Amino acid sequence: QVQLVESGGGLVQAGGSLRLSCAASGSIFSINAMGWYRQAPGKQRELVAAITSGGSTNYADSVKGRFTISRDNAKNTVYLQMNSLKPEDTAVYYCNAVSDYAHVLYDYWGQGTQVTVSL
């Protein structure tokens, strides 16, 4: 089992910045990759950014150049630095971890943190 706790959401004006944090605990040795997803009202949950255990990253086209995902292995924490925020970035952001235990993949989710970007 992996537990994920997010923090760092809030209200910010367009053009501003926020940093989200996701602390993992439990069977962290089994985690292959972690990422951030978001879900806006009336829309499907979408991948924002992901990072593998080897450090490879992947971003949605809509956030490339503005968001940066990183990880601190010593703290078992993944961060999402969000710059130049736009109103369309408003959503609930969820931390995700994919673990491989005995060759079976498991998905874990945090509780979500609200990000609201105002004009």
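Heads up: the structure comes first, above all this text.
If you're wondering where the values come from, they're calculated on a predicted model, not measured in any experiment.

Draft legend 1. View of the pattern of salt bridges. In total, this model carries 4 salt bridges according to the counting rule given. Between Arg66 and Asp89 there is a salt bridge; the shortest N-O distance is 2.8 Å. On the criterion of sequence distance, the pair formed by Arg66 in the loop between strand 6 (57–59) and strand 7 (67–72) and Asp89 in the loop between strand 8 (77–82) and strand 9 (91–101) is long-range, its members being 23 residues apart. Take Arg66: its relative accessible area is 11%, and that puts it in the buried class. For Asp89, a relative accessible area of 0% puts it in the buried group. Among the charged side chains, a salt-bridge network with shared partners connects Arg38, Glu46, Arg66 and Asp89.

Cut-offs applied
Residues numbered from 1 in each chain as written. Predicted model: local features only at pLDDT ≥ 70, side-chain atom pairs only at ≥ 80, totals over all residues. Heavy atoms only, no water. Salt bridge = Lys/Arg side-chain N within 4 Å of Asp/Glu carboxyl O. Helix = DSSP H or I, 4+ residues; strand = E, 2+ residues; numbered from the N terminus. Buried < 20%, exposed > 50% of the residue type's maximum accessible area, 1.4 Å probe, protein only.

Any functional reading would require information beyond the geometric quantities listed.
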